[in-house]
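Below are the chains, spelled out letter by letter.
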Amino acid sequence: MSNFQTLKPDTRKQIMIDGEPVVEIDFNSLHTSICYSSLCVDIPSEFGDKFDPYTIELKGYSDFTNRKLGKLCMMALLNTTSRRSALGVINAEIQEDRDLVVDKGGKSNFGFELKDFDKIIKVSEALDLTYERNVAIEEYFFKDNSKWLQNKESEIAEYVVSYFSQRNEPCLCIHDSFIVKERLADTLEKAMIDGDLS
């Protein structure tokens, strides 16, 4: 099966490897996690194991929309060179989303409703909230880390796929997730952690 990377997540669950059911495990907030682990910074203890670097609380929006905005802000913090350019990227993405919803009748990628576009979306506040939540990795902000992060992501993927290949077990890689036989789920999680730390 060579087209597994284009399959929708629900369809990928139906993949079988050697007649066995599979599991797909993805990295949570991969690029942000790379930054935390490269600085040997522990996840902020007040958040425990459930820390989500994208969770912000911008009043007037759903948890879903806040998380989507937080993710967009984090990508801008990590992949632009200034606050001004970060705000420009975020505003451009929101404008593109507005055009999709208002002009084309499509569904918002951010969970916005039509009425949300009638008010000013507080992009600057969303950026500040994301920054404050992840201040432990601020040395990566506004440094355009895109090439370094993509390279690190590919090194992790290479490590995980090689780990399984050396054990004669198939491992399918899809961006920041991996598919293996269901019975190897714990092994996959360990390999992903080891790859992130290597």
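As the structure is a computational prediction, the values presented were derived from the model and not from experiment. (Residues numbered from 1 in each chain as written. Predicted model: local features only at pLDDT ≥ 70, side-chain atom pairs only at ≥ 80, totals over all residues. Heavy atoms only, no water.)

Q: Before we move on, could you go through the environment of methionine 75 and cite the residues and values that matter?
A: Turning to its location among the elements, methionine 75 is positioned in helix α3 (residues 63-79). For methionine 75, a relative accessible area of 23% corresponds to the partly exposed category. Along the chain, methionine 75 and histidine 31 lie 44 residues apart, while their C-alpha atoms are 8.3 Å from each other. Sequence-distant contacts of methionine 75, defined by excluding residues within four places in its chain, comprise His31, Thr32 and Tyr54. (Helix = DSSP H or I, 4+ residues; strand = E, 2+ residues; numbered from the N terminus. Buried < 20%, exposed > 50% of the residue type's maximum accessible area, 1.4 Å probe, protein only. Contact = heavy atoms within 4.5 Å.)

Q: Account for the nonpolar core, with residues named and values stated.
A: Grouped together as the largest cluster of nonpolar side chains are 49 residues, with contacts concentrated most on Ile90, Ile94, Phe112, Val160, Phe164, Phe178 and Leu188. Those elements that provide at least two residues to this core are β2 (20-26), α2 (30-38), α3, α4 (83-103), α5 (123-133), α6 (146-165), β4 (177-181) and α7 (185-197). Ranked by residues supplied to this core, first place goes to α3 with seven residues. Contacts of phenylalanine 164, omitting those with residues within four sequence positions, involve Glu169, Cys171, Val180, Leu184, Thr187, Leu188 and Ala191. (Core = buried A, V, L, I, M, F, W, Y, C linked by side-chain atoms within 4.5 Å.)

Q: With reference to specific residues and values, describe the environment of lysine 68.
A: Of note, lysine 68 is situated in helix α3. Take lysine 68: its relative accessible area is 32%, and that puts it in the partly exposed class. When the C-alpha atoms of lysine 68 and asparagine 109 are compared, they prove to be 8.1 Å apart, with 41 residues separating the residues in sequence.

Q: Could you give an account of unusual backbone geometry, naming the residues involved and the relevant values?
A: Phi is positive for phenylalanine 142, which is not a glycine, with a value near 60 degrees. Tracing the sequence through the fold places phenylalanine 142 in the loop between α5 and α6. Relative accessible area serves as the criterion here: at 21%, phenylalanine 142 is assigned to the partly exposed category. Although it is not a glycine, aspartate 144 sits at a positive phi angle of roughly 45 degrees. Looking at the element boundaries, aspartate 144 is found in the loop between α5 and α6.

Q: If you had to explain the pattern of salt bridges to someone new, which residues and values would you point to?
A: On inspection of all chains with the given rule, the structure shows 11 salt bridges. Note that arginine 183 is salt-bridged to glutamate 20, the shortest N-O span being 2.8 Å. Of the two residues, arginine 183 is situated in the loop between β4 and α7 and glutamate 20 in strand β2; the sequence distance between them amounts to 163 residues. Note on arginine 183: relative accessible area 54%, which makes it exposed. (Salt bridge = Lys/Arg side-chain N within 4 Å of Asp/Glu carboxyl O.)

Q: Tell me about the packing of α3 against α4, and please be specific about residues and values.
A: Packing of α3 against α4 brings their axes to within 9 Å, and their N-to-C directions diverge by 140 degrees. What the angle tells us is that α3 and α4 run oblique. As α3 packs across α4, the resulting crossing turns out to be right-handed. In this structure, α3 contributes Leu69, Leu72, Cys73 and Ala76 to the contact, and α4 contributes Ala86, Ile90, Glu93 and Ile94. Taken together, the residues of the contact of α3 with α4 break down into seven nonpolar, no polar and one charged. (Axes fitted to C-alpha atoms, helices over the stretch in contact; angles between N-to-C directions. Parallel < 35°, antiparallel > 145°, perpendicular 65-115°, else oblique. Left-handed = near helix turned anticlockwise from the far one by under 90°. Nonpolar A, V, L, I, M, F, W, Y, C, P; charged D, E, K, R; others polar.)

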